[in-house]
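Chain by chain, the residues:
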Amino acid sequence: MRTFKEDIKRIDGGVFRKMLNISFWIIFNFRISCFFYKNGFFIISKFFWLVNRIVFTVDIDPGADLAGGLKLIHPMCIVVGREVTSLGNLTLYQSTTLGGSNDQEIMYKGKIVRQPYIYKDVIIYTSSVVIGPLIIGANSTIATNSTITKNVPENSIAFGVNSIKLKS
């Protein structure tokens, strides 16, 4: 519930306006789906996932570990894989894809990482693809139409195909 409250704080407007925002309902369904998934009710979890998939064309796997502060801008065609981890304040624009690894994995802080591991305050812009076992540092930005398959240091802008520039 705490994570959902953090998500809702990032949607503009008062209570009524927030409830009219499509992002509210997508995140609401995702958080409910996560709850059932983490408690072993996989079929019920998939029902809420399916609502997002069919009604909103958003595919955020209930196994994704997304901390509070998730913000979806123009949420259509967003895909987030089961093993994606976000530590908070992740902003996703339309048509972004996070996931995939082709069975590759890396060790990071004693954990096996198969899909993107994303630190706080990351923005991923429209039509970007972030694939594979990689780390995206805090306060980083993935530019529009980028394909990222390598680590992105904190306070960086990633663009094109694995091009990275430190923010000034």
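Residues numbered from 1 in each chain as written. Predicted model: local features only at pLDDT ≥ 70, side-chain atom pairs only at ≥ 80, totals over all residues. Heavy atoms only, no water.

Undergrad: Looking at this structure, I do not really get the sheet that holds strand E4 (residues 78-80). What am I missing?
TA: What the 5 strands build is an open sheet, ordered E1-E4-E7-E12-E15; its pairing is parallel. One side of each edge strand has no neighbouring strand; the edge strands of this open sheet are strand E1 (58-60) and strand E15 (147-148). Here E4 runs beside strand E7 (residues 97-99); their pairing, made up of 2 bridges, is parallel. The residue of E7 that forms the bridge with valine 79 is threonine 97. (Pairing = 2+ DSSP bridges. Helix = DSSP H or I, 4+ residues; strand = E, 2+ residues; numbered from the N terminus.)

Undergrad: What am I meant to see in the layout of surface pockets here?
TA: The calculated volume of the second largest pocket comes to roughly 170 Å³. The wall of the second largest pocket is formed by Arg10, Ile11, Asp12, Arg17, Asn21, Ser23, Lys71, Leu72, Ile73, His74 and Pro75. The biggest single contributor to the lining of the second largest pocket is strand E3 (residues 71-73), with 3 residues. Tallied by class, residues from the lining of the second largest pocket come to 4 nonpolar, 3 polar and 4 charged. (1 Å grid on protein atoms, 1.4 Å probe; cavity = no way out; pocket = protein on both sides within 12 Å on 5 of 7 lines; lining within 4 Å. Points joined across faces, edges and corners; volume = space filled by probe spheres on them. Nonpolar A, V, L, I, M, F, W, Y, C, P; charged D, E, K, R; others polar.)

Undergrad: Any chance you could explain the packing of helix H3 (residues 22-38) against helix H4 (residues 42-55) here in plain terms?
TA: For any two helices packed against each other, the geometry comes down to the angle between their axes and how far apart the axes lie. Orientation of H3 relative to H4, taken along the N-to-C sense of each, is 165°, at an axis distance of 7 Å. With respect to H4, the element H3 is oriented roughly antiparallel. You can see that H3 and H4 cross each other, and the crossing is left-handed. Residues Trp25, Ile26, Asn29, Phe30, Ile32, Ser33, Phe36 and Tyr37 of H3 touch H4, and the partners they reach there are Phe42, Ile44, Ser45, Phe48, Trp49, Val51 and Asn52. Of the residues in the contact of H3 with H4, the class split is 11 nonpolar, 4 polar and no charged. (Axes fitted to C-alpha atoms, helices over the stretch in contact; angles between N-to-C directions. Parallel < 35°, antiparallel > 145°, perpendicular 65-115°, else oblique. Left-handed = near helix turned anticlockwise from the far one by under 90°. Contact = heavy atoms within 4.5 Å.)

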